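Listed below, chain by chain, are the residues.
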Amino acid sequence: MTTADSHAADAAHAHDGAHDHGHVIVPWQALLGVLLVLLVLTVATVFTAQAEIFVTGEWGWELPGWLNIVVAMSIALVKGTLVALYFMQLRYDKGINALIMLFTLFAVTLFLLFTMLDLGNRNTITEWRAGEVNPGGTTLGSGIVATARANYIAEMGLTEEEYWKKWDEKHAGHGHGGGHGAASGDVSTANHSVKGAGLTPGLFATGVWAEHDEHHDEHHDANHADGKHADGKHGDGDHDDGGH
Amino acid sequence: MATITGPNQSPAGGPLELERPALERWKTHKHGHHWRNAEDEFDAAKIGIWLFLSTEILLFSGMFCAYAVFRMLYPESIAAGSQYLDPRWGGTNTVVLLISSWTMAMAIRDVQLNRQFWATVNLLITLVCAAGFLAIKFTFEYIPKWGEGKRPGTLFSYPWATHDHEHVWWSIYYAATGIHAFHVIVGMGLIAWLLYRQRIRKAYGPTHYTMMEGVGLYWHIVDLVWIFLFPLLYLVH
Amino acid sequence: MTTINPTGGQIEEAVGHGGGHQGNYLTPKGGIWTTIVDWATTVDHKKIGIMYLFTVLFMFFLGGVAAIGLRIELLEPTRVIDGVTTGAFFDWTGDSVGNTGNTYNRVMTLHGAIMVFMFIVPGIPASIGNFILPLMLGAKDVAFPRLNLASWYVYVFGSMFGVGSILMGGVDTGWTFYTPYSTTTDGDHARVLLMILSVFILGFSSIFTGLNFIVTTHKLRAPGMGWFDLPLMVWALYSTSLIQVLATPVIGVTFLLLLFERVFSIGIFDPGLGGDPVLFQHFFWFYSHPVVYVMILPAMGIVSEVISVHSRKKIFGYRAIAFSSLAIALVSFLVWGHHMFTSQGELGATVFSFLTFLVAIPTAIKVFNWIATLYKGSIIWSTPMLYVFAFLFLFSIGGLTGLPLGALSTDLHLHDSYFVVAHFHYVMFGGTVIAFLAGIHHWWPKFFGKMYNETAARIGCALVFVGFNITFFSQFFLGTRGMPRRYASYVDEFQLLHVISTVGSFVLLLGFLVHLFTFLHSLFAGDKAHANPWGGLTMEWESDTPPDEHNFHHEPVCKHGPYDFDTTVPPHCSADEYPLPDAEAVKAAHG
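Residues numbered from 1 in each chain as written. Chains lettered and ligands numbered in written order. Predicted model: local features only at pLDDT ≥ 70, side-chain atom pairs only at ≥ 80, totals over all residues.

1. Brief notes about the overall build of chain C
Right, on to step 1. Check the secondary structure of chain C and you find 18 helices and two strands.
Right, on to step 2. Computed over its C-alpha atoms, the radius of gyration of chain C comes to 24 Å, within 12% of the 25 Å expected for a compact globule of 591 residues.
Right, on to step 3. Seen along its three principal axes, the alpha-carbon backbone of chain C occupies a region of about 75 × 50 × 50 Å.
Right, on to step 4. Sequence separation of 24 or more characterises 82% of the internal contacts of chain C that already satisfy a separation of 6 or more. (Helix = DSSP H or I, 4+ residues; strand = E, 2+ residues; numbered from the N terminus. Rg over C-alpha atoms; globule rule 2.2 N^0.38 Å. Contact = placed C-beta atoms within 7 Å.)

So, in structure tokens, the structure goes:
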């Protein structure tokens, strides 16, 4: 706390300094330019997402799972930065406000990073937990999606077969299955194999859950394993995203 | 309206002071008694607003975090859920919000230059865009989807689901966009209030526009959150 | 070491210093109704601080009653011998032993939720901090006075939800609201909902205060006051506020989702619906761990102030203490996972365990600097100083017992046992509450312009110290021997230690009653206080005691550091009272 420090800090404090900060009038050309760039980027991000589906569906290229999230998030990041710098005037503003934002982003990063840190490791205890958990729902007895399905079947007076036939029709026509199943071509049956109650195979797809499924799943069919395989791939791709 | 007393000196550079100068409250704005000058008050208000914005970002980061975790736990269900959304509506809404963000920034610029008429116009456009965003959201997304049974959690009753945890997807979708929509509604209230203060009360001008700046920053953060929500919900699969 | 009676000496002359002025902030503006309206609508940080002080202490009282109830229930285990039930204190009706466990859970949740959310989080910053932060900076008020008042109203409003929920029968989720307890218990009542809402609302109050303090520190420092002329209390409050602003929104979104989960069963946290309960724990602790430092950092600020003033010695390692406050704020965001070692994956647990040990560094820096400050100081054995010694002792025990809990292997044995209970009470009570008491006694003259009875206060302090140690030290033994936390009954072998603990809690209660008496006595019949009874150098002592409406007669200018006891005669004091050391001797001593 020497005098020099106080003077330096006081100078930085600059409460009676010139009115140069905080009252910048942003040129309209800059604002309009930023808006146009933002609009172009919006179109671009929609387009790249569609292009990826197209490339996978039409040409059969297997793009890595992390690609689309990285591209989409990078574009969003650029857009967000532009909004912050120009519309929110961070570029012209006092440093303290930018510093606050940086601290905030730091906290957000820590939050996302550490919360997902152990997701891949959770299934190491699943082996001991599996017996106690009623997969897909202890509250309803079966999963919510399966319950909705059963309710519909009961309400309409359909048989299982009639229902699944309708289900196939509904999902075969349009590209509903979209990106994740288009490559294998038999999206509907692959999805059909997912049993009514149980965790969606993802991070839990390995080892224990697969065995668990085999023991308890009466609707098990040949496509099951394929579905699992595809799911596992998606799981890996998503895992990489977690770091961003 | 007759409460203003004392000299009504125009600050240097106020070009349009001919218009009813006696009613322009921004010229007679007094800074709070605990501030040394108006400059300090303005800077402090801005720091305060930025701190508030950081709380908003952290609030939404919770939604992003939940989204990320469930993407990793149930990748298929989340990807399938994402397919139910139409990127065209999401994209339109993004454009609507971006334009409103731009008009908000322009409104502040107009006030700084004392172009009160254009400030009003820009604020009105912002307000209309905000209403448009909500209108699109409700008419083309919330209401039809809710009607089909694509609802969160135990309310879920859509019979044609392809994956077992699609209800979790809808929970995330409704929670994230719902909290965002709530912010849009609050923002509309604030912008309407700004319009009243700006147009009727003539409270903002080149030397005093703290609230414009504050509401503007808030509105941009609403836009910013949507910039990230849009690709995550509509595009990523 | 000299003993100075602060009530003696030249009080009469000194009190006259601000005399003739138009009263102080406490002077009523008119009749009773005018005064009530004046207080209810005030934007004066001092009045808001005092209102916070009383509401927070009232909450402490409610939480304390619950704690005593818990200790009475634990006096003996529930036994049923020949159809006669003994030891079921909470079984009011006597018809079911099950009731006692049910009630115990509710009282335990009540104790935890009130003490954490309504007492200890707003505790020091919103009451003492609100009052002295602007004074220490030489400001007329906080940056946003109306927001400050709003903070108090939001706090009261939120607390009313919480207390309402308790009056309706309480909740048995535990103060952590873990899912699925919080999504499934008491399904037919709105009580859990009210409690969740209460915490959600209280978060806003916390954010308002934090935001206000940060801006105040940035923009309202007196002319000449640089960042390194700030009292360490301000550094501590500043760091606290950073955490409040950055962490509290997360509890907001957590409890919002919990609300949705409870009302609409959306399946984000409830494992029965496909949700992830561990996600809730991450969310919850991302807020609640940093908040542990919201509780302790202001306490550390108080210790820094009191230890320097009451030993009349320049604080040792000013910058180290200041930066360690910021470091603690930073580290607080890195370690939340140590609350969930047994529920998360191995990788997470290992990383968090490693990071947890980082906390020890800035904390130890502070403790060593405080002890170095005491060296060769002229220590006054006043009540605040006694409490600071208690703090150093108890907080060290609390900190050191955190190490076995931070290490994975030992934690597996100790987690969810009374060892944990004892550990965090040593930190939260032995740290925060003890420092809170030090702060209240230190600034009491500034608050009300009255002195308290020093002898009675010292007796109270001794009782609190002894009672606290009896209550909680025994719980370390209980924990290592395997007594799990949150149980209404236990095996016979634990009874002796439980009895000791309960006896200790009554000694503690007695200590608080003595303090209550001294405070009331001081308010109604206390001696008028010297404007600067301890000879402090920070700017709040430059104002009158109690301060007048706008804090200072003239805008103060910072001319000396906050702890320059070697070179400055304290404001309102004479050089006879506080003789400056010989300049040559100082030079020789400091090299």
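2. Quick notes on the overall build of chain B
Right, on to step 1. From N to C terminus, chain B includes six helices and zero strands.
Right, on to step 2. Taken from N to C terminus, the helices and strands of chain B fall in the order α-α-α-α-α-α.
Right, on to step 3. Counting across all 237 residues of chain B, residues that qualify as buried make up 58%.
Right, on to step 4. Expressed as a percentage of contacts within chain B between residues at least 6 apart in sequence, the contacts between residues at least 24 apart total 74%. (Buried ≥ 20, exposed ≤ 12 C-beta atoms within 10 Å, placed from the backbone.)

3. Digging into the packing of helix H8 (residues 232–264) of chain C against helix H9 (residues 277–309) of chain C
A pair of packed helices is captured by two measures, namely the crossing angle of their axes and the spacing between those axes.
Residues and elements named next belong to chain C.
Right, on to step 1. Remark: H8 packs on H9, axes separated minimally by 8 Å, with the N-to-C direction vectors making an angle of 165 degrees. Our classification of the angle between H8 and H9 gives roughly antiparallel. Helix-helix and strand crossings are classified by hand; for H8 and H9 the assignment is left-handed.
Right, on to step 2. When grouped by side-chain class, the residues that make up the contact of H8 with H9 number 22 nonpolar, seven polar and one charged. (Axes fitted to C-alpha atoms, helices over the stretch in contact; angles between N-to-C directions. Parallel < 35°, antiparallel > 145°, perpendicular 65-115°, else oblique. Left-handed = near helix turned anticlockwise from the far one by under 90°. Nonpolar A, V, L, I, M, F, W, Y, C, P; charged D, E, K, R; others polar.)

4. Considering helix H3 (residues 87–112) of chain B
Right, on to step 1. A rise of 1.5 Å per residue sets the reference length of H3(B), with its 26 residues, at 38 Å; its end C-alpha atoms lie 37 Å apart and thus fit the reference within 8%.
Right, on to step 2. Phi turns positive one or two residues past the end of H3(B), at B:Asn114, with a value near 60 degrees. (Expected span 1.5 Å × (residues − 1).)

5. So, the confidence of the model for chain C
Residues and elements named next belong to chain C.
Right, on to step 1. When pLDDT is averaged along chain C, the result is 90, and 94% of the positions lie at 70 or above.
Right, on to step 2. A low-confidence stretch, residues 1–20 stays under pLDDT 50, and its non-local contacts, those more than four residues away or across chains, total 29 contacts.
Right, on to step 3. Predicted as a complex, the structure gets a pTM of 0.87 and an ipTM equal to 0.91. (pLDDT = per-residue confidence, 0-100.)

6. Focus: unusual backbone geometry
Right, on to step 1. Here the amide bond leading from C:Thr179 into C:Pro180 is cis, since omega sits at 0 degrees, within 30 degrees of zero.
Right, on to step 2. Counting through the fold element by element, C:Pro180 comes out in the loop between helix H5 (145–167) and helix H6 (181–184).
Right, on to step 3. In the segment running from C:Thr545 into C:Pro546, the intervening peptide bond is cis, with an omega of -10 degrees.
Right, on to step 4. Here C:Pro546 is to be found in the loop between helix H17 (495–525) and helix H18 (583–590).
Right, on to step 5. Non-glycine residue A:Gln89 carries a positive phi angle of around 60 degrees.

7. Quick notes on the interface of chain B and chain A
Right, on to step 1. Facing 63 residues of chain B, the contacting portion of chain A comprises 66 residues.
Right, on to step 2. Residue assignment for the side of chain B that touches chain A shows that the elements contributing at least two residues are helix H1 (38–73), helix H2 (75–83), H3, helix H5 (166–200) and helix H6 (210–235) of chain B.
Right, on to step 3. A total of 19 residues in the side of chain B that touches chain A trace back to one element, the largest contributor, which is H1(B).
Right, on to step 4. Looking at the side of chain B that touches chain A, its residues break down into 34 nonpolar, 18 polar and 11 charged.

8. Concerning the environment of C:Ser159
All names here are of chain C.
Right, on to step 1. By the secondary structure assignment, Ser159 is in helix H5.
Right, on to step 2. A tally of 24 C-beta atoms within 10 Å means that Ser159 is categorised as buried.
Right, on to step 3. Separated by 45 residues in sequence, Ser159 and Ile114 have C-alpha atoms that sit 8.4 Å apart.
Right, on to step 4. Other than its neighbours up to four places away in sequence, Ser159 contacts Met59, Met118 and Ser198.

9. Digging into the confidence of the model for chain B
Residues and elements named next belong to chain B.
Right, on to step 1. Scored by pLDDT, chain B has a mean of 89; 91% of the residues are at 70 or more.
Right, on to step 2. The element-level mean pLDDT for chain B is lowest in H2, coming to 88, with helix H4 (residues 116–147) highest at 96.
Right, on to step 3. Overall, residues 1–17 carries pLDDT values under 50, and its contacts beyond four positions in sequence, including any with other chains, amount to 19 contacts.

10. Concerning the packing of helix H3 (residues 45–73) of chain C against H17(C)
Residues and elements named next belong to chain C.
Right, on to step 1. Where H3 contacts H17, the axes come no closer than 9 Å and their chain directions differ by 155 degrees. Put simply, H3 runs roughly antiparallel to H17. The crossing of H3 and H17 is left-handed. Contacts between H3 and H17 pair Ala67, Ile68, Arg71 and Ile72 from the former with Ser501, Thr502, Ser505 and Leu509 from the latter.
Right, on to step 2. Grouping the constituent residues of the contact of H3 with H17 by class yields four nonpolar, three polar and one charged.

11. Quick look at the environment of C:Asn212
Residue and element names in this part refer to chain C.
Right, on to step 1. Within the secondary structure layout, Asn212 lies in helix H7 (residues 191–219).
Right, on to step 2. Residue classification places Asn212 among the buried residues on the basis of 30 C-beta atoms within 10 Å.
Right, on to step 3. Each C-alpha atom, one on Asn212 and one on Asp527, is 34 Å from the other, the two residues being 315 residues apart in sequence.
Right, on to step 4. Excluding residues that lie within four positions of it along the chain, Asn212 makes contacts with Val142, Ala143, Phe144, Leu147 and Asn148.

12. Notes on the environment of B:Val215
Residues and elements named next belong to chain B.
Right, on to step 1. You can see Val215 is positioned in helix H6.
Right, on to step 2. We classify Val215 as buried; it has 23 C-beta atoms within 10 Å.
Right, on to step 3. Remark: the alpha-carbon pair of Val215 and Ile108, spanning 107 residues in sequence, is separated by 9.9 Å.
Right, on to step 4. For Val215, the residues in contact, after removing those within four places along its chain, are Leu190, Ile191 and Leu194.

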